Amino acid sequence: MNNKCIINGLEISAFDDMGHAIDSILHEGDVVSGCAIAVNAEKIVSSYEREDVKSILESASFRYPDGAGVSLVMAKRGCVSARIPGCDLWVELMKGSASFNLPVFIVGAKPEVNLQTVEKLKNEFGVKVVGACDGYFDNESELIDRVKRSQAKIVTVALGSPRQENFINRCREFHPDAFYMGVGGTYDVFTDRVKRAPQWAQKYNLEWLYRLVSQPTRITRQFKLVKYLFLVVMNKV
Ligand code: UDP
């Protein structure tokens, strides 16, 4: 069985399960340096339409199937993979970091969300948080300098796309010896400010429907799902 699948020229890793994905990041008490990026239907469509989005996706050292649309197409192309939701991957990564006592830096989200995320990670998970900054900073180089000085081995960034990926790429230039992950709205979910889709919706790959009903303003983003299906059926990606 293939352990990689190509969609729109992008290599996406296949994983048996979440443990397999974590093993590809954490090895023998250390972390693999690089950057992971979640791939879903919306990002595939954006990368088809825009070269800048495609190069952001290309810049990651590993891409994982965060969305059901991506894992379904992978299976169709002979590369079966579990779906790896980014927010679950992040939680498992945090637990793994705690067991190896790896230093973690938490960037992004609103000040109160960032603070609560750090507190919860320290108190409930035993994570060694060596630095944190909310997502509304003015001086990026100062923050990059803080990350470097903290010697963090894992840096997770919630600034929304593509800002978080651009930040990660600049930070990696100065502090390459770490694992980076863009996490979008994960801290908001972790601190119970945003609800995840219920289990049934996750099980039947209907998270998109749940999100559409609970956040109707996302309708324009949802059009991308239709375009994704069209591109797949027409063999354009
Ligand atoms: N965010 C931030 N600074 C900004 C804009 C957004 O820290 O200037 C945070 C926002 O508070 C949220 C996260 O980025 O916690 C992700 O936002 P969004 O849900 O739009 O991202 P997505 O997961 O949809 O890419």
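None of these values were measured; they are calculated from a predicted model.

A. Focus on the state of the cysteines. Taken as a whole and judged by the stated rule, the model has zero disulfides. The thiol of C87 is unpaired, and the distance to the nearest cysteine sulfur, on C35, comes to 17 Å. For C87, a relative accessible area of 18% gives the class buried. Just so you know, C171 is unpaired, no disulfide at all, and the nearest cysteine sulfur is the one on C35, 11 Å from it.

B. Expanded view of the sheet that holds strand β6 (residues 62-65). One open sheet accounts for six strands, arranged β6-β5-β10-β9-β7-β8; its pairing is parallel. One side of each edge strand has no neighbouring strand; the edge strands of this open sheet are β6 and β8 (128-133). On average, each strand axis in the sheet is inclined to that of its neighbour by 20°, with strand direction left out of account. The pairing of strand β5 (residues 34-39) with β6 spans four bridges and is parallel. Across the sheet, residue V39 finds its bridge partner in β6, namely P65. Relative to the sheet, helix α8 (residues 163-174) contacts β5, β7 (103-108), β9 (154-158) and β10 (179-182), its axis offset from that of β10 by approximately 165°.

Procedures and definitions
- Residues numbered from 1 in each chain as written.
- Predicted model: local features only at pLDDT ≥ 70, side-chain atom pairs only at ≥ 80, totals over all residues.
- Heavy atoms only, no water.
- Disulfide = S-S within 2.5 Å.
- Buried < 20%, exposed > 50% of the residue type's maximum accessible area, 1.4 Å probe, protein only.
- Pairing = 2+ DSSP bridges.
- Helix = DSSP H or I, 4+ residues; strand = E, 2+ residues; numbered from the N terminus.
- Axes fitted to C-alpha atoms, helices over the stretch in contact; angles between N-to-C directions.
- Contact = heavy atoms within 4.5 Å.

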